Amino acid sequence: MQTLRAALPELAHSTQPDSPALAALMERARPQEDARPALQAALIAWFLALSAQQPLVIAVDDVQGLDEASVALLAALAHAAPRAQLLVIVTAERDPVRGVEGALGVLRRHSSVIKIEPLTRAESDAMFMSIFGATPNLSLLSERIYTLAAGNPQRSLALAQYLIDQGRIVYAAGAFTLPEDLPVDALPLRAETLLSARIARLSPVARSLAEAQALSLVAALTRDDYQLLAPGADERSLDDALSELVAHGIIRVAGLHYVLSHRNSARALRGPLEPAALARTHALHAGLAKQRYRHATVVAYHLLAAGRRGEALDLLVGAAEALSAELQGLNMESLCDMLERALALHAELRRPERERFQLMRLMITASLTGDASRSLRIALSYRARLEAD
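These lines cover the structure that appears in this document, whether it is placed above or below. Computed from a predicted model, the values in this text were never measured in an experiment.

Scanning the chain from terminus to terminus reveals 19 helices and six strands. For the chain, with 389 residues in total, the buried portion stands at 35%. Counted over contacts in the chain with a minimum sequence separation of 6, partners at least 24 positions apart contribute 61%. For the chain, the exposed surface amounts to about 22,900 Å²; the carbon and sulfur share of it is 56%.

A few words now on the pattern of salt bridges. Taken as a whole, this structure holds nine salt bridges when the rule is applied. One salt bridge in this structure joins R201 and D165, with 2.1 Å as the shortest N-O distance. Note that R201 is positioned in the loop between α9 (191-200) and α10 (204-215) and D165 in helix α8 (residues 153-165), a separation of 36 residues in sequence. Taking the relative accessible area as the measure of exposure, D165 reaches 30% and is therefore partly exposed. A cluster of three or more residues bridged by salt bridges with shared partners is formed by D225, R292 and R294.

Between its first and last C-alpha, helix α3 (residues 36-53) extends 26 Å over 18 residues, near the 26 Å set by a 1.5 Å rise per residue. Considered for burial, the residues of α3 that qualify are L39, A42, L43, I44, W46, F47, A49, L50 and S51.

This paragraph deals with the packing of aromatic side chains. One pass over the full model with this rule turns up five aromatic pairs. With a centroid separation of 6.1 Å and 15° between ring planes, the pair formed by F128 and F132 is classed as stacked. Remark: F132 and F128 occur in helix α6 (residues 121-132); sequence separation between them is four residues, near one turn of the helix. Looking at F128, the relative accessible area reads 0%, which means it is buried. Considering the side-chain rings of F132 and F176, the 4.9 Å spacing of their centres and the 85° angle between planes classify their relative orientation as edge-to-face. Linking F132 in helix α6 with F176 in strand β4 (residues 175-177), this pair joins segments that are 44 residues apart in sequence.

Before going further, it helps to spend a moment on the packing of helix α14 (residues 275-291) against helix α15 (residues 296-305). α15 packs onto α14 with a crossing angle of 160° between their chain directions and a minimal axis gap of 8 Å. When the interaxial angle is binned, α14 and α15 end up roughly antiparallel. α15 is crossed by α14, and the crossing has left-handed handedness. Contacts from A279, H282, H285, A286, A289 and K290 in α14 reach V298, V299, Y301, H302, L303 and A305 in α15.

So, about the pairing of strand β2 (residues 86-90). Sheet topology places strand β1 (residues 56-60) next to β2; five bridges connect them, and they run parallel. Paired with L56 across the strands is L86, a residue of β2. Crossover β1 to β2 through helix α4 (residues 68-80) is right-handed.

Right, let's get into a nonpolar patch on the surface. Where nonpolar side chains cluster on the molecular surface, the patch consists of V57, L87 and I89 and spans about 260 Å² of accessible area. Looking at the secondary structure, you find I89 in strand β2.

Scoring rules and cut-offs
- Residues numbered from 1 in each chain as written.
- Predicted model: local features only at pLDDT ≥ 70, side-chain atom pairs only at ≥ 80, totals over all residues.
- Heavy atoms only, no water.
- Helix = DSSP H or I, 4+ residues; strand = E, 2+ residues; numbered from the N terminus.
- Buried < 20%, exposed > 50% of the residue type's maximum accessible area, 1.4 Å probe, protein only.
- Contact = heavy atoms within 4.5 Å.
- Areas by Shrake-Rupley, 256 points an atom, 1.4 Å probe, with all protein chains shown as cover.
- Salt bridge = Lys/Arg side-chain N within 4 Å of Asp/Glu carboxyl O.
- Expected span 1.5 Å × (residues − 1).
- Phe/Tyr/Trp six-rings, centres within 6.5 Å; stacked < 30°, edge-to-face > 60°.
- Axes fitted to C-alpha atoms, helices over the stretch in contact; angles between N-to-C directions.
- Parallel < 35°, antiparallel > 145°, perpendicular 65-115°, else oblique.
- Left-handed = near helix turned anticlockwise from the far one by under 90°.
- Pairing = 2+ DSSP bridges.
- Right-handed = clockwise from strand over helix to strand, strands pointing away.
- Patch = residues over 30% accessible without salt bridge, like charges linked within 9 Å, V, L, I, M, F, W, Y side chains within 5 Å.

Okay, structure coming up:
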């Protein structure tokens with residue numbers, strides 16, 4: 001973004017000189033929600049103008065971690081790329097972050113999708129040659145790692161990092177020294193062992209933040225959330241800890257939020273925590289949820305885990321009463337009929353599957369206050385659909 005802002009003024013005048021959206025970007029102002037379409041149009045025009053002057057490549061790693069507006073911009077550029085000197089290259093995981101599926105779907109439709117295959121043994125050798133150089137015992141190292149990683153680049157590099165952390169690979173005087181003997185049991189067979197080794201290397205502040213993330217009922221946290229969960233950390237320590245967690249692959253950036261990088265991370269981080277530490281962290285989460293005006297069930301979840309059972313039950317009962325009050329006075333039969341028509345229309349229009357499940361969940365909630373037989377039929381249909389999928 002710094003490079004973009006530096007180059008923008010010169011080209012802005014030749015593309016859209018009077019664009020307030022471009023002016024806002026150059027002034028580092030956060031655009032208002034209603035200005036985003038104008039900003040996107042201005043940025044597209046700017047990129048296309050730049051590509052007209054010289055070929056342009058835009059490369060983005062882990063595109064599923066971007067916010068929806070950024071993915072939408074990339075999708076628009078990918079759509080325009082065949083008519084310009086522009087190439088858009090992105091990498092994405094198979095399971096995108098919730099909330100950007102729509103924009104990612106558009107991006108996929110305007111892209112050629114290439115599945116990354118595992119490395120061959122020769123490619124693995126070349127990768128480690130580029131890292132360690134023509135060092136004695138390189139072939140042994142590559143062979144051992146390839147046997148365990150099966151050509152997966154990420155796991156291969158994680159295993160090499162593990163050996164560095166264990167002191168089996170040493171860097172001194174500008175060169176690496178690789179082990180002359182590397183028994184198979186010197187490398188961990190389980191990914192959890194690698195993850196535990198990475199967690200053990202974390203600084204106290206970074207580990208505290210990671211443990212707090214693992215206990216959170218809300219999957220994605222912001223920097224401001226972390227500040228409330230680590231009240232004793234100053235701003236620099238907090239930023240250093242977040243950078244450390246990203247560098248070690250414990251968390252990753254997801255737009256304006258951070259999420260755990262691996263599904264198994266939460267279990268590995270929660271495991272060693274003592275009951276007192278668990279209660280203390282859950283209490284901090286409860287305070288965070290209250291301050292962010294999150295749903296009462298989120299606050300109650302953390303209060304219950306913190307041992308504050310009375311407060312948790314009071315909140316849950318209040319939330320149930322509030323929901324009942326919202327639905328009182330409505331004709332539930334008519335409401336459920338409308339939702340059934342909406343489900344039929346959803347199938348007719350071939351809308352995304354995730355929307356159908358949202359409609360079914362709403363119907364189950366509504367039907368629970370109405371006819372019991374309809375409620376049971378809807379719940380069984382929902383369960384059958386989940387099992388089928």
